[in-house]
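As a plain string of letters, each chain reads:
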Amino acid sequence: MATIPVDSRVNSKTAEFFSRQHRMLIDGRFVPAASGKTFPVYNPATGEEVARVPEAEAEDVDRAVTAARRAFDSGPWSRMSPSQRGQLIWKLADLLEANLDEFAEIESLDNGKPFSVARVADLPLSIDMFRYMAGWATKITGSTLPFSDAFHSYTLREPIGVVGQIIPWNFPLLMAVWKLAPALAAGCCVVLKVAEQTPMTALRLAELIEQAGFPAGVVNILTGYGEGAGAPLAEHPLVDKVAFTGSTEVGKLIVKASAGNLKKVSLELGGKSPAIIFPDADLERAIPGTASAIFFNQGQCCCAGSRLFVHESVYDKVLQGVSDIAGGIRVGAGIDPKTEMGPLVSEEQFDRVTGFIDSGVREGARVAVGGKRHGNRGYFVQPTVLTHTKPEMKVVREEIFGPVVCAESFSDSDLDRVAREANNTIYGLAASVWTRDLSTAHKMARLIRSGTVWINCHNVFDASLPFGGYKQSGWGREMGEEVLHNYTELKAVTAAL
Ligand code: NAI
Ligand code: MG
């Protein structure tokens, strides 16, 4: 097979990885799709094809689920001691750490994000998540319930079984790890279907999973499209639980697909998170903080601070500050060390995001900065600030998932009314509140209806912090102790004495 030129700036190991004949991980083996079909993977900085990967379909899903089922029902994983499971997960973290730069390069070429960002954000967060969950493997316990002298009752928290996991492309490796780590710690067996736009780091991770010595069938990794591979996984009768991260639209399809065998479902969906700046905020922090809230990861974050609410007394200053930052961001190929913002992930997302900007302008919004394509190849969009938006506009109501923020001012000093405006969305994933007043901060934290509220910060994550949505942003929580509830069943055992 001819080597596909990846990018002359990446190291030879990364280039060699892209040029390989890629295989999926099913039942401990690296295999092509049953049909032999493959599909292309593009570098979003250039639009060029950089790899081809297997196109999984229903038959491959079935093989993977059958392997996971066998590994769970009769196999070594659910019966392995929690300590041994934890050690394997920890070993995987060590292997990932040993290959950190290579993973960051692969992620940058596949997704578009700056290599420098992947190195300090995606990779450390992934490694830490494995380690955090490795620790939980030995700490999943039940309790005793002394309700009567005549009975002895206790609970057992048991693995839920075979888990189907479907993930998006915005943090390809990290999303895989957020899903895999808790499921494995809980003792489940997994079929992971990665996003068609960004399959590469998961395929490399599959090699490390084999290297670490996970038993066959415990982790199966499929590359394929949503309808072709995601849908049969969500429907599969031998899957006990499906965990999904992606659009709210597909989240609703997952719920329908799960109805056949009433598999358990957890969902991490879209957002339209407010960032609210009060008049007493420290603007030296609030201005860069809210700019980064929207522009981090090219705006492709489910919790992006995409609605900026600023008190009228500081609105002009904040708008100027955020616009200056937006205008100064160095946009370029992720692999270039000088780059601060990369391209969007795909042509489809490029069309979607530029379409949103156009619709905003058509409906009367004004572009304070940005608003256009950057350069003439690849999927780059300028960091954009829109003003003069109205609550009924599409750009204000819908998730754009790009570097586009809608700024508006508020005059109210009544916190209930400010919160009502911030809550005026079908989503409830996150919010940030910027103020020096402790009382304002914590009152707002209670009034906002979302799974996360940040005070004087935004986009702060840790493996210990539960993350997920109110309203149409999802069901259940990722990370923290709470995520273990997604992957366990609780059994009450009662003995008459
Ligand atoms: P999507 O929801 O279609 O894709 C996410 C995952 O679901 C991918 O692995 C995809 O293959 C799979 N999928 C698609 N259709 C499926 C089906 N019928 N059954 C099972 N699995 C299926 O998201 P897409 O199209 O990539 O992006 C569209 C919009 O979704 C974005 O503009 C953004 O607004 C939102 N989104 C939100 C994310 C989040 O983290 N909350 C992540 C990605 C996208
Ligand atoms: Mg889609």
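Residues numbered from 1 in each chain as written. Chains lettered and ligands numbered in written order. Predicted model: local features only at pLDDT ≥ 70, side-chain atom pairs only at ≥ 80, totals over all residues. Heavy atoms only, no water.

(A) The arrangement of the site of ligand 1 in detail. Looking at ligand 1, there are 28 residues lining it, with Trp169, Lys193, Glu196, Ser247 and Glu399 nearest. Backbone polar atom of glycine 246 to a nitrogen atom of ligand 1: 3.3 Å apart, as the coordinates give it. Residue glutamate 399 places a side-chain N or O atom 2.8 Å away from an oxygen atom belonging to ligand 1. When ligand 1 sits alone it has 810 Å² of accessible area, and the protein chains cover 92% of it. Among the secondary structure elements, those contributing two or more residues to the shell around ligand 1 are strand E7 (189–194), helix H9 (226–235), strand E9 (241–245), helix H10 (248–258) and helix H13 (347–362). Of the residues contributing to the shell around ligand 1, the split by class is 15 nonpolar, 9 polar and 4 charged. When residues of the shell around ligand 1 are sorted by domain, at least three fall in each of domain 1 (12–269 + 474–493) and domain 2 (274–463). (Near = heavy atom within 4 Å. Polar contact = N/O pair within 3.5 Å; in protein donor to acceptor, adjacent residues only side chain to side chain. Areas by Shrake-Rupley, 256 points an atom, 1.4 Å probe, with all protein chains shown as cover. Helix = DSSP H or I, 4+ residues; strand = E, 2+ residues; numbered from the N terminus. Nonpolar A, V, L, I, M, F, W, Y, C, P; charged D, E, K, R; others polar. Domains from an automatic or database assignment.)

(B) Quick look at H10. Burial in H10 covers these residues: Thr248, Gly251, Ile254, Ala257 and Ser258. One face of H10 carries all of its buried residues, which in axial projection span an arc of 165°. What points out from H10, more than 90 degrees from its buried face, is the exposed set Glu249, Leu253 and Lys256. The secondary structure elements touched by the buried residues of H10 are strand E6 (162–166), H9, E9, strand E10 (264–268) and strand E16 (427–428). (Buried < 20%, exposed > 50% of the residue type's maximum accessible area, 1.4 Å probe, protein only. Arc of directions from axis to C-beta. Contact = heavy atoms within 4.5 Å.)

(C) Structural context of the domain arrangement of the protein chain. One can read the domain layout of the protein chain as domain 1 (12–269 + 474–493) and domain 2 (274–463). At the interface, 32 residues of domain 1 touch 29 residues of domain 2. With both sides pooled, the region where domain 1 packs onto domain 2 buries about 2,400 Å², and carbon together with sulfur makes up 62% of that total. A per-residue breakdown of the area domain 1 buries against domain 2 is headed by Pro44, Ala45 and Trp169, which together make up 22% of the total. Seen at the junction of domain 1 and domain 2, the total is 1 salt bridge. For arginine 377, the salt bridge identified is with glutamate 48, shortest N-O distance 3.8 Å. At the surface where domain 1 touches domain 2, the tally comes to 7 residue pairs in polar contact (both at pLDDT 80 or more). Looking at the side of domain 1 that touches domain 2, the elements with two or more residues in it are helix H5 (100–111) and helix H6 (115–136). The leading source of residues in the side of domain 1 that touches domain 2 is H6, at 8 residues. (Buried area = accessible area lost by both parts, 1.4 Å probe. Salt bridge = Lys/Arg side-chain N within 4 Å of Asp/Glu carboxyl O.)

(D) Layout of the packing of aromatic side chains. As enumerated under the stated definition, the model contains 11 aromatic pairs in all. On the numbers, 5.6 Å between centres and 65° between planes, the contact of tryptophan 178 with phenylalanine 467 is edge-to-face. Of this pair, tryptophan 178 sits in helix H7 (residues 172–186) while phenylalanine 467 sits in the loop between strand E18 (452–455) and strand E19 (470–471); the two residues are 289 residues apart in sequence, bridging distant segments of the chain. Each member of the pair tryptophan 178 and phenylalanine 467 is classed as buried. Classification of phenylalanine 467 by relative accessible area gives buried; the value is 2%. One aromatic cluster in this structure is built from Trp178, Trp454, Phe461 and Phe467. (Phe/Tyr/Trp six-rings, centres within 6.5 Å; stacked < 30°, edge-to-face > 60°.)

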